[in-house]
Amino acid sequence: MRLVILDNYDLASEWAAKYICNRIIQFKPGQDRYFTLGLPTGSTPLGCYKKLIEYHKNGDLSFKYVKTFNMDEYVGLPRNHPESYHSYMWNNFFKHIDIDPNNAHILDGNATDLQAECDAFEKKIKEAGGIDLFVGGIGPDGHIAFNEPGSSLVSRTRLKTLAMDTILANAKYFDGDLAKVPTMALTVGVGTVMDAREVMILITGAHKAFALYKAIEEGVNHMWTVSAFQQHPRTIFVCDEDATLELRVKTVKYFKGLMHVHNKLVDPLYSMKEGN
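Criteria and cut-off values
Residues numbered from 1 in each chain as written. Predicted model: local features only at pLDDT ≥ 70, side-chain atom pairs only at ≥ 80, totals over all residues. Heavy atoms only, no water. UniProt positions renumbered as here; feature names shortened; annotations may be inferred. Axes fitted to C-alpha atoms, helices over the stretch in contact; angles between N-to-C directions. Helix = DSSP H or I, 4+ residues; strand = E, 2+ residues; numbered from the N terminus. Parallel < 35°, antiparallel > 145°, perpendicular 65-115°, else oblique. Left-handed = near helix turned anticlockwise from the far one by under 90°. Contact = heavy atoms within 4.5 Å. Nonpolar A, V, L, I, M, F, W, Y, C, P; charged D, E, K, R; others polar. Expected span 1.5 Å × (residues − 1).

- As recorded in an unreviewed UniProt entry, the protein goes by Glucosamine-6-phosphate isomerase and comes from Prolemur simus.
- Per UniProt, the protein carries the Sequence similarities (unreviewed entry) text "Belongs to the glucosamine/galactosamine-6-phosphate isomerase family."

**Notes on the packing of helix H1 (residues 9-27) against helix H2 (residues 46-57)**
Between two packed helices, both the angle of their axes relative to each other and the distance between the axes serve to describe the pair.
At step 1: The N-to-C vectors of H1 and H2 enclose an angle of 50 degrees; their axes lie 8 Å apart at closest approach. Considering the angle they form, H1 stands oblique to H2. Crossing angle aside, the handedness with which H1 passes H2 is right-handed. Across the interface between the two elements, Tyr9, Ser13, Glu14, Ala16, Ala17, Lys18, Ile20 and Cys21 from H1 touch Leu46, Gly47, Cys48, Lys51, Leu52 and Tyr55 from H2.
At step 2: Looking at the contact of H1 with H2 residue by residue, the classes come out as nine nonpolar, two polar and three charged.

**Focus on H2**
At step 1: Counted at 1.5 Å a residue, the expected span for H2 with its 12 residues is 16 Å, and the 17 Å between its end C-alpha atoms agrees.
At step 2: Structurally, H2 contributes buried residues whose contacts are with H1, strand S2 (35-39) and helix H3 (85-92).

**Quick notes on the side chain of Asn147**
At step 1: Inspection of the secondary structure assignment puts Asn147 in the loop between strand S6 (133-137) and strand S7 (158-161).
At step 2: Apart from the residues within four sequence positions on either side, Asn147 is in contact with Ser155, Arg158, Thr187, Val188, Gly189, Val190 and Thr225.

Dropping the structure here:
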């Protein structure tokens, strides 16, 4: 497990975007060799998406041979609704890059048979060769995707009823009207994300500080589903200083020391035009 601590949200977003860019370029994707990327929604990844779009427009990065699988989607919300995750992904990312729409996979929350839709999504991931890098964010209660507290840590893509805390948190996107907020969603499982060859979790802001503490300083606990990634062989938590407020000082110093070592010795990655 790696913890990367940057000074602020913008630097954390840029670091994450460069990491994704480097991984795709190092992979050398092509017509018979696609890079497979798991993607989140929400406010946290927006800065990362903006940077990836910038790299693409600068000619540094292509998504022509990239397949994406999104973490989740609301149930019953029209695909063209401004708050659907289909709309989020196309407006904030996909329409600005050169990805083939057929390679951008998002769960259909309006499918006639929701369980069949979930099963088909798992099958598509398997047929794509699995996820090379799954990027995720978390809620203040430590949930990843819509794997709310109490979710099985070996869960697969499925239908989930949303916790009241999640509904309250999402109300800001629905004019503050709880009646408009979807109460169910389709989501990849913790086990689905754990199957990825590499996982990167973005955690920013003081309101996520306790969740980060639970994620890395205490044991694996199904009430804090993000803690499961302690057991993944290749997990990177990327955070800003505000998100470290609940961590022990020695923990922060330890991982900051490792960052220096990694940057100097371990990560001679592709250098972006603006420099690392």
